[in-house]
Amino acid sequence: MRSEQRTAPVRPSEDGEAVTVTAVAHPNIALVKYWGKSDERLFLPRTDSLSMTLDVFPTTTRVRLAPGAEHDTLTFNGAPATGEARRRIAGFLDLVRERAALGHRAVVDTENTVPTGAGLASSASGFAALAVAAAAAYGLASDATALSRLARRGSGSASRSIFGAFAVWHAGVRGGTDEQADLSSYAEPVHAAERFDPALVIAVVDAGPKALSSREAMRRTVDTSPLYEPWARSSRADLADMRAALGRGDLDAVGEVAERNALGMHATMLAARPAVRYMSPASLSVLDAVLQLRREGTAAYVTMDAGPNVKVLCRRADAERVAAAVRGAAPGRAVHIAGPGPGARLLDGDAR
Ligand code: DP6
């Protein structure tokens, strides 16, 4: 969040009058990945991670308190939320109610503009927007650090979407009380040089649903992959190198670190038992095209998350050329160009 953005809580109505609040948040893509939890209930990660919040595909979430209602009413792009999505949102609202000591159920409407199945961490923008809107509606603390901690409890990567541009999420300390651990794990902005002007070219090589959720896949990787601990150690070094590269505005160094960190994460998954493999032949074609771009002198570097889609980091001035090469490697697939985007914020208008 930026300081000029509205963060003041909307006092909840004590007499039961409806309170409606709307928030918007954008997805983020990690350049140093979060992969593995040390505490599943508190969403504490094993390693620090660092991301770029995007300027595309916002999620807009409206929360209205519904005094007297027996259940939460949750919709997602106009349709009732069901299954796992419903369970996660309702569980998150329970946490907010407990903290606010206010039991009102809520009506939550979420509009997500991420193309279906784009593998773009819609849970990050989704829980960041929900955290900001629900904290305001229920009158919880609304400084950016508190919101980041709260968003983390919905989905780890959401802690970073509270902030615009580049953010680091601290793994926090272990060994103390739950409260100490919870307080210690949050995201905050990371400085990047003024002249740093990156783009992410997003190749949606497969829009189908994931074979395995990131939650389950990271659990299996931590529990069974002999490569997990070495990756986690090298990820700590990657973070230091990434911060330095961003500070210098060195796109090649940022890209090299992001690519090695992501491919290393996928190597840990391939070594899990049974193996977790998100890369598809189309992903590998895009990886080949990026190598070819580099051979021809264009700075372009890949990162991949819990799916087959590939994101290519490059200079903004090269984005169209990179997008053309990616289209050639993955004919008929959607390709999007994103830049660094804003942090989560409340929208003015309908709050009391
Ligand atoms: C590969 O934040 O979706 O995108 O905390 O279980 O909800 P949960 O997982 P999630 O995992 C994101 C993993 C990743 C890497 C990253 O965003 O850092």
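Look up a bit, the structure's there.
In this text the structure is predicted, and so the values were computed from the model without any measurement.

**Student:** Give me the sheet that holds strand β1 (residues 20–25): which residues, what numbers.
**Tutor:** Taken together, the six strands give an open sheet; going across it, the order is β8-β7-β9-β6-β1-β16, and neighbouring strands pair in mixed fashion. Of all strands in the sheet, those bounded by a partner on one side alone are β8 (79–80) and β16 (345–346). Of the pairings in the sheet, the one linking strand β7 (residues 73–76) to β8 comprises two bridges and is antiparallel in character. Counted as the bridge partner of Phe 76 is Ala 79 from β8. The strands touched by helix α2 (residues 122–138) are β1, β6 (59–66), β9 (105–112) and β16; relative to β6, the strand with the most contacts, the crossing angle is about 35 degrees.

**Student:** Would you mind going over the site of the ligand in detail, with residue names and values included?
**Tutor:** Taken together, the neighbourhood of the ligand is formed by 17 residues, with Tyr 34, Lys 37, Ser 155, Gly 156 and Ser 157 sitting nearest. A distance of 2.7 Å separates an oxygen atom of the ligand from a polar atom in the side chain of Lys 37. At 3.4 Å from an oxygen atom of the ligand is found a side-chain nitrogen or oxygen belonging to Asp 305. Burial of the ligand by the surrounding chains reaches 95%, relative to a free accessible area of 460 Å². The leading source of residues in the shell around the ligand is helix α6 (residues 214–224), at three residues. In terms of residue class, the shell around the ligand is made up of six nonpolar, five polar and six charged.

**Student:** I'd love a proper account of helix α9 (residues 281–295), names of residues and values included.
**Tutor:** Compared with the 21 Å implied by 1.5 Å per residue over 15 residues, the 21 Å span of α9 between its first and last C-alpha is a close match. Within the sequence span of α9, burial applies to Ala 282, Ser 283, Val 286, Leu 287, Ala 289, Val 290 and Leu 293. All buried residues of α9 lie within an arc of 160 degrees about the axis, which places them on one face of the element. Across α9 from its buried face, at more than 90 degrees, point the exposed residues Pro 281 and Arg 295. Turning to α9, the residues buried within the fold contact β12 (198–204), α8 (251–270), β13 (300–304), β14 (310–315) and α10 (319–329). Following α9 by one or two positions, Gly 297 adopts a phi angle in the positive range, close to 100 degrees.

**Student:** Outline the pairing of β12, listing residues and values.
**Tutor:** In terms of burial, β12 is largely enclosed, as seven of its seven residues are buried. Of the two faces of β12, the one holding Pro 198, Leu 200, Ile 202 and Val 204 and the one holding Ala 199, Val 201 and Ala 203 are both buried throughout. Summarising the sheet, β12 and β14 pair through six bridges and their orientation is antiparallel. Residue pairing across strands places Ala 203 opposite Val 310, the latter belonging to β14. One ladder, built from five bridges, connects β12 with strand β15 (residues 334–338); its direction is antiparallel. The partner of Leu 200 across the bridge, within β15, is Ala 338.

Reading guide: rules and limits
Residues numbered from 1 in each chain as written. Predicted model: local features only at pLDDT ≥ 70, side-chain atom pairs only at ≥ 80, totals over all residues. Heavy atoms only, no water. Pairing = 2+ DSSP bridges. Helix = DSSP H or I, 4+ residues; strand = E, 2+ residues; numbered from the N terminus. Contact = heavy atoms within 4.5 Å. Axes fitted to C-alpha atoms, helices over the stretch in contact; angles between N-to-C directions. Near = heavy atom within 4 Å. Polar contact = N/O pair within 3.5 Å; in protein donor to acceptor, adjacent residues only side chain to side chain. Areas by Shrake-Rupley, 256 points an atom, 1.4 Å probe, with all protein chains shown as cover. Nonpolar A, V, L, I, M, F, W, Y, C, P; charged D, E, K, R; others polar. Expected span 1.5 Å × (residues − 1). Buried < 20%, exposed > 50% of the residue type's maximum accessible area, 1.4 Å probe, protein only. Arc of directions from axis to C-beta.

Any link to function would need more than the numbers given here.
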